[in-house]
Amino acid sequence: MTNTAVARRSARERVGATGGKLADPVRSAGMGVDQTMALRPVHSLRKRLAKLRRFPSIGYRDGAPLILDPRNWIDNRLLAGAPYENAQLAFVRGEIERRGLSQVVDIGANIGLYTVLLGREAAVTAVHAFEPVRRNYNQLLGNVFANRLDMKVTAHRFGLGDETHEVVIHVDPTSTGVSRLDLTTTARNLSVFTEQETIQVRRLDDVLSLDGETIFVKIDVEGMAEAVLRGMSRLLDRTAGLLQVEISEAEQGAVARLEGHGWRFVKRIEGDQYFTKE
């Protein structure tokens, strides 16, 4: 990974998440960059206070209750009310409403932020969530239940790739959302990955068929995007809609693969690239 990519990733990981009982301050009050900067000391204090809690707590993002671990990176930011992927979620929600995207495929669902917030959208009739890490998966299920989305969300505890096999995934217990199979591509200190799990990996085309549907797909799999795309060729060929994928510097072949299936690049938000197909 290049120094530029490392810097970009580090900058993204420093961004927080909207949570607590306050609505997103930028979206709800129309605050600009200077006002958002002014809130940083408040968010920093809230994050430190949240870490003092011993047990999971209920936080809120856009009115959705979430079961959160105050000592986990993303959860802590949600509890502190700091911004996290605000622009991405705003764009996706707008496209879901405008295009009438009825199916959501959340690959690398983590604790279920996208699964829950998009599952609450009226246009969405079903969410298919994939999360292999046991701790994240259990928290995902709790958040689905807390939002009464049991009849809309189907959660799968395995990873996705281009073949069916068992592999070891490396977990940073203080930031479980960055769990990864390949440690050679991470910008993080390898010593933080102190836990490992053996997980199942399957091809998306073997477990899900959405032929003819208009869909939204989110892929956030820490360096494995190309393998995931190789395992979902049928879905890419037989569906239309919007795709959000985090693509590292080492995975630029993923763009050519998507274009080969008729998906066209439309924009980038931070580390996420967006592709559409009509």
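Residues numbered from 1 in each chain as written. Predicted model: local features only at pLDDT ≥ 70, side-chain atom pairs only at ≥ 80, totals over all residues. Heavy atoms only, no water.

A. Geometry of the sheet that holds strand 3 (residues 103-107). Taken in spatial order, the seven strands line up as 5-4-3-9-10-12-11 in an open sheet, and their pairing is mixed. Each having just a single partner strand, strand 5 (153-156) and strand 11 (264-269) make up the two edges of the open sheet. Recorded for the sheet is a direction-independent mean angle of 15° between the axes of neighbouring strands. Here strand 3 pairs with strand 9 (residues 214-219) via five bridges, running parallel. (Pairing = 2+ DSSP bridges. Helix = DSSP H or I, 4+ residues; strand = E, 2+ residues; numbered from the N terminus. Axes fitted to C-alpha atoms, helices over the stretch in contact; angles between N-to-C directions.)

B. Spatial organisation of the sheet that holds strand 6 (residues 159-160). With respect to topology, three strands assemble into an open sheet ordered 6-8-7, the strand pairing being mixed. The two strands at the open ends of the sheet, each matched to only one other strand, are strand 6 and strand 7 (165-171). Pairing of strand 6 with strand 8 (residues 195-202), which is carried by two bridges, proceeds in the parallel orientation. Paired with G159 across the bridge in strand 8 is V201.

C. Representation of the environment of I111 within the structure. By secondary structure assignment, the location of I111 is in the loop between strand 3 and helix 6 (113-119). For the pair formed by I111 and V133, sequence separation is 22 residues and the distance between their alpha carbons is 9.8 Å. Ignoring anything within four residues of it in the chain, the contact list for I111 reads L68, D75, L78, N136, Q139, L140 and N143. (Contact = heavy atoms within 4.5 Å.)

D. Focus on the packing of aromatic side chains. What the rule picks out here adds up to four aromatic pairs. Residues W73 and Y84 carry aromatic rings whose centres are separated by 6.3 Å and whose planes lie at 75° to one another, so their mutual orientation is edge-to-face. Residue W73 is located in helix 4 (residues 73-80), and its partner Y84 is located in the loop between helix 4 and helix 5 (86-99); the two are separated by eleven residues in the primary sequence. The exposure classification of W73 matches that of Y84, with both residues buried. Across the ring face of F158, the terminal group of R202 is positioned such that the distance to the ring centre comes to 5.1 Å. (Phe/Tyr/Trp six-rings, centres within 6.5 Å; stacked < 30°, edge-to-face > 60°. Buried < 20%, exposed > 50% of the residue type's maximum accessible area, 1.4 Å probe, protein only. Lys NZ or Arg CZ within 6 Å of the ring centre and 35° of its normal.)

E. How the structure looks around the pairing of strand 3. The buried fraction of strand 3 amounts to five of the five residues, a majority that puts the element mostly inside the structure. Burial along strand 3 is two-sided: Q103, V105 and I107 facing one way and V104 and D106 facing the other are all buried. Here five bridges tie strand 3 to strand 4 (residues 126-130), and the two strands are oriented parallel to one another. Bridge pairing in strand 4 links I107 to F130. Handedness of the crossover joining strand 3 and strand 4 through helix 6: right-handed. (Right-handed = clockwise from strand over helix to strand, strands pointing away.)

F. Fine view of the nonpolar core. The biggest cluster of nonpolar side chains holds 33 residues, and the ones touching the most others in it are L78, V92, L113, L118, F216 and L242. Of all the secondary-structure elements, those providing two or more residues to this core are strand 2 (64-68), helix 4, helix 5, helix 6, strand 4 and helix 7 (134-146). No other element matches the five residues that helix 6 contributes to this core. By size, the runner-up hydrophobic cluster in this structure holds 26 residues, among which are I107, L210, V217 and M232. (Core = buried A, V, L, I, M, F, W, Y, C linked by side-chain atoms within 4.5 Å.)

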